[in-house]
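Spelled out, the chains give:
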Amino acid sequence: MTGPAPERSGTFFQRFLLPAFALKGIIIGGGYATGRELAEYFLSQGPVGSLLALALAMLFWAVIAAMTFALAHQAKAYDYRSFIANLLGRGAIVFELCFLFFSVLLLAVFGAAAGEVGASLFPIPAWVGTLALAIAIAAIASFGERAVETMFKYVSTFLYAVYALFLVLALTSFGDRIGDTLAAGGIEPGWPVSGLTYGIYNIVCAIMILPVLRHFTSRRDAVIAGVIAGPMAMLPALAFLIAMIGFYPVILDQTLPSDYILQRLGSPAFRFAFQIMVFCALLESSVGVIHALNERVITWREGRADAGPTPGWLRPGLTVSVLAGCMFAANRIGLVDLIASGYRLLAIIFLLTFVLPLLTIGVVKLVRAPSEPRRTTGPDASGPERTQDHHA
């Protein structure tokens, strides 16, 4: 098939909820799902300071996601390379190098967390959990967009349900401790910096989910989806953080804060279910990262004049190659060191190469863009999007 593919209008779920599920799906992996990031960036600022930092990060996510989605829709840029080239021009190479490093770091964190989760549930070495995650990632990411979107839908439903139950159990089991800790106060002066740091290095994940934004029918869809995505991506973190406050400050030193709290809930069945949910969250995040990298390579290949049909082996080949190159680095570095050292540097880099350009150049592009009529459903309008793999 040659020429531009018809732009697909989506269902309510695809237009407004799928972007939020996808953003949450990538952000939640690793340190967020285990509670390690929440301890590092939020609870370290004191019980009350942690809630303020979380609220700031959530607001930041909503604003940046709305702008990112709107600009992507305007430029019809649904892979991260096309988007950042539209934003930065030749300077896109700087962002892409940092983005590739960030993707490798994320997958390493996810691999380390999967190993920790597996070892906490079964008498197995950590590398077994990492290997299991890698196999599951390859099985889903190899089948393209439809499989990825289906995974986001069902895993997200399971995840929100487990976090809601987790909060209920925490409040009924040690709600008095949570209330007493909050009543005692505790706000560190660095909470705005900590909240923005967490917000900046995580919101770059909005660029990773660009492939699922093809269902928008207008800029209004894009903005609404972004405003929804910020709070929905942070809701599980809020539930988790409230439970963690009950064990402040001891929980700050725990590699797996989630398991620390689960053991004190005294429910082996829920502890098992929660850790399975964490593994699913790691799978969701990892697939999102791999899918973004796959879309980048495939879009570049299809843009070449001599490109033929995309071979069926390309997705699984890319997936396996990327996973083999970075996930097992996690076992040599460790989860806490990865989160504490690598992310703060990346926050500065992405502030300079994504957030600030988006808030300046991106705003100018959006303001100068001609107004667009709201499209109706069907293939009336066309754009440069390509069709996705039909075998998915």
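These numbers were taken from a predicted model, which means no experiment stands behind them.

Draft legend 1. Main features of empty space enclosed by the protein. Applying the stated rule across the entire model yields 2 cavities of 30 Å³ or more. For the second largest cavity, the calculated volume is near 30 Å³. Lining the second largest cavity are Ile-26, Val-148, Phe-152, Met-208, Ile-209, Val-212, Gly-288 and His-291. Mapped by element, the contributors of at least two residues to the lining of the second largest cavity are α8 (145-183) and α13 (268-302).

Draft legend 2. Region of interest: the confidence of the model for the protein. Of the residues in the protein, 83% reach a pLDDT of 70 or more, and the chain-wide mean stands at 83. The spread of mean pLDDT over the elements of the protein runs between helix α15 (residues 330-333), the lowest at 54, and helix α4 (residues 47-75), the highest at 96. Predicted confidence for residues 1-7 stays below pLDDT 50, and this span has 22 contacts to residues more than four positions away or in other chains. Contacts from residues 376-392, a stretch scored under 50 in pLDDT, to residues over four places away or in other chains number 42 contacts.

Draft legend 3. Main features of the packing of aromatic side chains. Overall, the coordinates contain 21 aromatic pairs when judged by the stated rule. Where Phe-21 meets Tyr-160, the ring centres are 5.8 Å apart and the plane angle is 45 degrees; that geometry is what we call tilted. With Phe-21 in helix α1 (residues 12-27) and Tyr-160 in helix α8, the pair connects residues that are 139 residues apart, well separated along the chain. With respect to class, Phe-21 is no different from Tyr-160; both count as buried. With 5.7 Å between their ring centres and 90 degrees between their planes, Phe-247 and Tyr-260 make a pair best called edge-to-face. Of the two residues, Phe-247 is situated in the loop between α11 (219-245) and α12 (257-265) and Tyr-260 in helix α12; the sequence distance between them amounts to 13 residues. Considered together, Phe-247 and Tyr-260 belong to a single accessibility category, that of buried residues. Members of the aromatic cluster, connected to one another through ring pairs, are Tyr-80, Phe-95, Phe-99, Phe-350 and Phe-354. Positioned above the aromatic ring of Tyr-260 is the side chain of Arg-264, whose terminal nitrogen or guanidinium carbon lies 3.6 Å from the ring centre.

Calculation notes
- Residues numbered from 1 in each chain as written.
- Predicted model: local features only at pLDDT ≥ 70, side-chain atom pairs only at ≥ 80, totals over all residues.
- Heavy atoms only, no water.
- 1 Å grid on protein atoms, 1.4 Å probe; cavity = no way out; pocket = protein on both sides within 12 Å on 5 of 7 lines; lining within 4 Å.
- Points joined across faces, edges and corners; volume = space filled by probe spheres on them.
- Helix = DSSP H or I, 4+ residues; strand = E, 2+ residues; numbered from the N terminus.
- pLDDT = per-residue confidence, 0-100.
- Contact = heavy atoms within 4.5 Å.
- Phe/Tyr/Trp six-rings, centres within 6.5 Å; stacked < 30°, edge-to-face > 60°.
- Buried < 20%, exposed > 50% of the residue type's maximum accessible area, 1.4 Å probe, protein only.
- Lys NZ or Arg CZ within 6 Å of the ring centre and 35° of its normal.

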